[in-house]
Amino acid sequence: MPKKMHIKLNVNGKDEEFLAEPRELLIYTLRERLNITGPHIGCETSHCGACTVTIDGKSVKACTIFAAQADGKEVTTIEGIGGPDDLHPLQNAFKEHHGLQCGYCTPGMITRATKLLEENPNPTEEEIRFGMAGNICRCTGYQNIVKSIQAAATEMNAAKEAAE
């Protein structure tokens with residue numbers, strides 16, 4: 001059995017420390033060890049994006065990275081973006097514009113879309129589709145996901161302008 005490694009992560013603003021085998025994938029660390037179940041296990045090959053998280057400001061598929069590779073880093077999951085009593089504008093837009101159906105891909109979609117809007121606060125439809133290409137949804141046909149992201153961008157930009 002491989003020697004366990006001492007891992008430190010900051011997940012959704014909370015420091016976590018644990019021992020893990022070098023081969024433990026971050027998605028399993030989050031779901032099984034830390035009980036953070038927003039990121040889903042979909043394909044386990046990096047194709048679907050259901051496991052998308054943000055690590056030190058970059059979108060990452062948690063099924064493609066070992067927990068040891070995330071050592072010392074900040075990890076944000078859907079749980080760190082907003083909650084039931086304080087929805088992020090993207091979460092609210094997905095709800096209001098029917099950007100989800102079964103909901104399995106939604107945490108990864110919203111996590112990726114959050115980063116997309118940080119990088120490009122006013123994306124075109126084409127830019128949204130390109131920016132979200134690594135996240136697959138088998139239910140919606142994507143049009144309502146695009147509408148949801150556009151609506152959230154509009155709301156977030158209006159809030160930013162009002163604050164200035």
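This one's a predicted model, so the numbers in the text were calculated from it and none came from an experiment. (Residues numbered from 1 in each chain as written. Predicted model: local features only at pLDDT ≥ 70, side-chain atom pairs only at ≥ 80, totals over all residues. Heavy atoms only, no water.)

## Some thoughts on the pattern of salt bridges
So, point 1. Going through the model one piece at a time under the given rule, you end up with 7 salt bridges.
So, point 2. For R23, the salt bridge identified is with E21, shortest N-O distance 2.7 Å. (Salt bridge = Lys/Arg side-chain N within 4 Å of Asp/Glu carboxyl O.)

## With respect to the packing of helix α3 (residues 106-119) against helix α5 (residues 143-163)
So, point 1. In contact at an axis separation of 11 Å, α3 and α5 are set at 45° when each is read in the N-to-C sense. Classified by the angle between their axes, α3 and α5 sit oblique to one another. Here the hand of the crossing between α3 and α5 comes out right-handed. Contacts between α3 and α5 involve M109, A113, L116 and L117 from the first element and I145, I149, A152, A153 and M156 from the second.
So, point 2. Counted by class, the contact of α3 with α5 contains 9 nonpolar, no polar and no charged residues. (Axes fitted to C-alpha atoms, helices over the stretch in contact; angles between N-to-C directions. Helix = DSSP H or I, 4+ residues; strand = E, 2+ residues; numbered from the N terminus. Parallel < 35°, antiparallel > 145°, perpendicular 65-115°, else oblique. Left-handed = near helix turned anticlockwise from the far one by under 90°. Contact = heavy atoms within 4.5 Å. Nonpolar A, V, L, I, M, F, W, Y, C, P; charged D, E, K, R; others polar.)

## Overview of the domain arrangement of the protein chain
So, point 1. The domain boundaries assigned to the protein chain delineate domain 1 (5-80) and domain 2 (89-163).
So, point 2. Of note, the centres of domain 1 and domain 2, computed from C-alpha atoms alone, are 22 Å apart.
So, point 3. The partner domain 2 presents 12 residues to the 18 residues of domain 1 that form the contact.
So, point 4. Three residues, H40, T52 and I78, lead the burial of domain 1 against domain 2; their summed loss comes to 40% of the area buried on that side. (Domains from an automatic or database assignment. Buried area = accessible area lost by both parts, 1.4 Å probe.)

## Things to note about the layout of surface pockets
So, point 1. Considered as a void within the structure, the largest pocket measures approximately 180 Å³ in volume.
So, point 2. Around the largest pocket, the lining comprises 14 residues; the ones closest to its centre are Y104, C105, I136, C137 and R138.
So, point 3. Tallied by class, the residues present in the lining of the largest pocket amount to 9 nonpolar, 4 polar and 1 charged.
So, point 4. Each of domain 1 (5-80) and domain 2 (89-163) gives at least three residues to the lining of the largest pocket. (1 Å grid on protein atoms, 1.4 Å probe; cavity = no way out; pocket = protein on both sides within 12 Å on 5 of 7 lines; lining within 4 Å. Points joined across faces, edges and corners; volume = space filled by probe spheres on them.)

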